[in-house]
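As a plain string of letters, each chain reads:
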Amino acid sequence: MRTNDDAGVIRVHKNKCLVQTADFITPVVDDPYLYGRIAAANSLSDVFAMGGDVLTALNLVMYDSCNIEKEEMREILKGGFDAVKEAGGIIIGGHTVEDSEMKYGLSVTGIVEEEKIVRNSNAKTGDKIVLTKPLGMGIITTANKVDMVSEKTMEEASKIMAHLNLYAKNAMVEVGVSSATDITGFGLIGHAFEMAKYSNTSIVFNTKEIDYLEEALYLSSIGMVPAGSYNNKHYTENAVKFEIDLKDEEKMIFFDAQTSGGLLISVPSEKANLLIEKIIEYGGIYAKVIGEVVEKQEKHLIFV
Amino acid sequence: MGEKKVDARGLACPQPVIMTKNALSSIDEGILTVLVDSIASRENVKRFAESQGCTVNVKEKGDIFEIEIVKGFTCAIPSQEEKDSIKSNKVVFVSSDAIGPDYELGKELMKGFLKTFLDLDRKDLPKKMIFVNKGVHITCFWEETIEHLKKLEEMGVEIYSCGACLNYFKITDQLKVGKIGNAFDSVQSLMQGDSVVNLG
């Protein structure tokens, strides 16, 4: 099936479709178990973004045996295993190669009925835009590599990244939404841009409603911004109009590449409150309306 | 006045920033030149140097960026912006002039704790310190601590003493540091602060 979506979809039997995706990341936190969980949550997220259920996963391990102890490696895998189990799936194998820099992630297979696929290209004028995790993770994990993050913020960021988008997905599928994607490497702006572009609409963000971990702003101001976020800015800034006066370091948060970010959901206006209620009821940690879909303007994204 | 060079070519973020940070802290004033070879590193190093109040000039030489950072003269005195804004939104609430049940020990602890704030990194400083009840004795009478609080105030920490409390003790005219705060401002600060730390 042709899409510009988060994962590949193929019909295998009548209306049953497989959703397939793979992702792996370098360590973003110091604790190996948490790193495993976060890497898995990040990989699983693409299936959730399309409204799918997780069936199976394969471990993808690029093992830096010079710097990672065997015991730590076991912890990483346990983190991944637990995340997949929580998602309702099971890890049925995998592959390991030696590498000079540790990387871990999953190849994931999910399932979804064709009529229930949630695409990123179906946002409708008048829809509300809901975000299900606060931003700032790219900047925070970059700064964490050089121990520049407070313990409290790091703890909060780890919790957010380790949280599965499963619960937001369950709510989204039940309530019925127009469109969804997950916020990962291209940041809020990159992923919202794709949604707006392929839906032939524009999205207006209510800037003060967009939450990020507060310390990210300070860290952004002292140059703790990952290279990927600058790439995002380079590729997408022409599609964005800032009608609100923002400091450069705050703009960078909206361009910031996220690890295991939340879902970005376009939902009919009258269902937005119900969606938010259900996300929290089903175990989500956060959900908020941050903008709305409007008819296509000169720019696809507008911050007011 | 010294000249220094840092070669951060080929390194990933945030290493160039950390190298710049270390090099800058090793000189009192002078020019630091940082070489980088990516736009991300250029932006991050520039951002960092500017956040430290330095003047930055970038030259592009082929694929390499030469970032000239001037420390001292223009940045020896903290810029107004740096002086005014504390990034955190923490509030320290001081409701007594002693910490813990033993009064004599508690007063010493209070002195020590308030002094120790001066050792914190700028990013960890509270946005506001609010003194209420017997806490206002500190801002009126504790000479040594008042000096410490004045320094904190210079670093951008807002210091308030409760007006009703000063009035109650009849010492309003003896306040030596910070401003007089009212109940609304205090309660608003407590509710808007991301975290509130109680001392005393």
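Conventions adopted
Residues numbered from 1 in each chain as written. Chains lettered and ligands numbered in written order. Predicted model: local features only at pLDDT ≥ 70, side-chain atom pairs only at ≥ 80, totals over all residues. Helix = DSSP H or I, 4+ residues; strand = E, 2+ residues; numbered from the N terminus. Rg over C-alpha atoms; globule rule 2.2 N^0.38 Å. Buried ≥ 20, exposed ≤ 12 C-beta atoms within 10 Å, placed from the backbone. Contact = placed C-beta atoms within 7 Å. Core = buried A, V, L, I, M, F, W, Y, C linked by C-beta atoms within 7 Å. Pairing = 2+ DSSP bridges. Axes fitted to C-alpha atoms, helices over the stretch in contact; angles between N-to-C directions. Nonpolar A, V, L, I, M, F, W, Y, C, P; charged D, E, K, R; others polar. Parallel < 35°, antiparallel > 145°, perpendicular 65-115°, else oblique.

**Considering the overall build of chain A**
In step 1: Summing up its helical and strand segments, chain A has 10 helices and 12 strands in all.
In step 2: On C-alpha atoms alone, chain A measures out to a radius of gyration of 18 Å, which is about the 19 Å that the 2.2 N^0.38 rule sets for 304 residues.
In step 3: Reported as C-alpha extents along the three principal axes, the dimensions of chain A are approximately 55 × 55 × 35 Å.
In step 4: Within chain A, the fraction of its 304 residues that count as buried is 55%.
In step 5: Restricting to contacts in chain A with at least 6 residues of sequence separation, those with at least 24 account for 88%.

**Description of the nonpolar core**
In step 1: In terms of nonpolar packing, the biggest core is built from 108 residues, with Leu44 and Leu275 of chain A touching the most fellow members.
In step 2: Residues within four places of Leu275 of chain A in sequence aside, it is in contact with Val130, Ala171, Met172, Val175, Val177, Ile265 and Val267 of chain A.
In step 3: Formed by 24 residues, the second largest nonpolar core is a distinct cluster that contains Phe93, Val94, Phe131 and Tyr160 of chain B.

**Some thoughts on the sheet that holds strand S6 (residues 128-131) of chain A**
In sheet architecture, strand pairing relies on hydrogen bonds along the backbone and comes in two forms, parallel and antiparallel.
Residue and element names in this part refer to chain A.
In step 1: Taken together, the 7 strands give an open sheet; going across it, the order is S7-S10-S6-S11-S8-S12-S9, and neighbouring strands pair in mixed fashion. Where the open sheet ends on each side, the last strands, each with one partner, are strand S7 (179-182) and strand S9 (240-242). Within the sheet, the average angular offset between the axes of one strand and its neighbour, ignoring direction, is 20°.
In step 2: Here S7 pairs with strand S10 (residues 263-267) via 4 bridges, running antiparallel. From the neighbouring strand, Thr181 faces S10, where its bridge partner is Leu264.
In step 3: Relative to S6, helix H10 (residues 272-281) is tilted by about 15°, and along the sheet it contacts S6, S10 and strand S11 (288-295).

**Let's talk about the sheet that holds strand S3 (residues 53-63) of chain A**
Residues and elements named next belong to chain A.
In step 1: What the 5 strands build is an open sheet, ordered S1-S2-S5-S3-S4; its pairing is mixed. On the outer flanks of this sheet lie strand S1 (8-13) and strand S4 (90-98), each paired with one strand and no other. Neighbouring strand axes in the sheet, compared pairwise and without regard to direction, differ in orientation by 20° on average.
In step 2: With 10 bridges joining them, strand S2 (residues 16-25) and strand S5 (residues 103-113) adopt antiparallel strand pairing.

**Looking at the interface of chain B and chain A**
In step 1: Each partner contributes residues to the interface: chain B has 18 residues there, and chain A has 16 residues.
In step 2: Elements supplying a minimum of two residues to the side of chain B that touches chain A: helix H1 (15-25) and helix H2 (39-51) of chain B.
In step 3: The dominant element in the side of chain B that touches chain A, judged by the number of residues it contributes, is H2 of chain B, at 8 residues.
In step 4: Here the residues of the side of chain B that touches chain A sort into 9 nonpolar, 4 polar and 5 charged.

**Examining the packing of helix H1 (residues 32-49) of chain A against helix H4 (residues 151-162) of chain A**
Residues and elements named next belong to chain A.
In step 1: The N-to-C vectors of H1 and H4 enclose an angle of 45°; their axes lie 8 Å apart at closest approach. Taken as axis vectors, H1 and H4 run oblique relative to one another. From H1, Leu34, Arg37, Ile38 and Ala41 reach across to H4, where they touch Ser158, Met161 and Ala162.
In step 2: Classifying every residue of the contact of H1 with H4 by side-chain character gives 5 nonpolar, 1 polar and 1 charged.

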